[in-house]
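Structural overview
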Amino acid sequence: FLSINRDFSAPIKINWNPSMENQIFLLTHDSNGFNRYEAAQDLANKIIQKEIGSIHAHEKLDIPEEYIDAFGTLLDDKSIDPFFKSQCLQIPSEGVLLQDQEIYDFDGTHLSRNFLKKVLAKTYKEKILTLYKNLSTDKKYTLASKDVGDRALKNTLMSFLMCLEEEEIYGL
């Protein structure tokens, strides 16, 4: 599989359309953090854009199992820095998603993004809850990088849990 622009520091945009298989491999195995993050963001973006098309065609929304599995692998990866993991787990914002649309579809983008987050949250609810609770401490607030990373990951996990709209989650 191809992992391009390793350790390249200038911002560039490349017209490259890697396969889902290639991107999932990069997301779950690449040693280059930026490429791993880019694979995560690009995969989520492509899935959401496809789901928007499904909404317009009145088709059933469906998230690829390979992506769901890759998300779970990312959740389980203990070798990743918490802040970096929080960035990789985040689904692109609606503003970012709209940038790839010729005609902006605010409703479709919102529905598709939330659908993806809800599927991931339902699938990995117990893992996300466990990780969230492990990060919940009464520790004094500090700006140490580890603490900042832990808080970022905790907030990202909560954003997924909130999609479930369950009383149990509201009580956290």
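Provided above is the structure to which this section pertains.
Residues numbered from 1 in each chain as written. Predicted model: local features only at pLDDT ≥ 70, side-chain atom pairs only at ≥ 80, totals over all residues. Heavy atoms only, no water.

**A few points about the packing of aromatic side chains**
Evaluation of the coordinates by the stated rule reveals three aromatic pairs. Ring geometry for Phe-71 against Tyr-124: centres 6.1 Å apart, planes inclined by 35°, an arrangement best described as tilted. Residue Phe-71 is located in helix α3 (residues 65-76), and its partner Tyr-124 is located in the loop between α6 (106-123) and α7 (125-135); the two are separated by 53 residues in the primary sequence. Residue Phe-71 is classed as buried on the basis of its relative accessible area, which comes to 3%. In this structure Tyr-124 comes out as buried when scored by relative accessible area, which is 11%. Seen in terms of ring centroids, Tyr-104 and Phe-106 are 5.9 Å apart; in terms of plane orientation they differ by 70°. Their pairing is edge-to-face. (Phe/Tyr/Trp six-rings, centres within 6.5 Å; stacked < 30°, edge-to-face > 60°. Helix = DSSP H or I, 4+ residues; strand = E, 2+ residues; numbered from the N terminus. Buried < 20%, exposed > 50% of the residue type's maximum accessible area, 1.4 Å probe, protein only.)

**Regarding α3**
With 12 residues, α3 should cover 16 Å at 1.5 Å per step; its first-to-last C-alpha distance of 17 Å lies within 8% of that length. On its buried face, α3 is in contact with α1 (20-29), α2 (33-56), α4 (82-89), α6, α7 and α8 (145-162). (Expected span 1.5 Å × (residues − 1). Contact = heavy atoms within 4.5 Å.)

**Re the layout of surface pockets**
If you add up the space inside the second largest pocket, you get close to 300 Å³. If you go around the second largest pocket, you meet 15 residues; those closest to its centre are Leu-75, Lys-78, Lys-85, Leu-131 and Leu-153. Breaking the lining of the second largest pocket down by element, the ones donating at least two residues are α3, α4, α7 and α8. Examining the composition of the lining of the second largest pocket, we find that five residues originate from one element, α7, more than from any other. Here the residues of the lining of the second largest pocket sort into six nonpolar, two polar and seven charged. (1 Å grid on protein atoms, 1.4 Å probe; cavity = no way out; pocket = protein on both sides within 12 Å on 5 of 7 lines; lining within 4 Å. Points joined across faces, edges and corners; volume = space filled by probe spheres on them. Nonpolar A, V, L, I, M, F, W, Y, C, P; charged D, E, K, R; others polar.)

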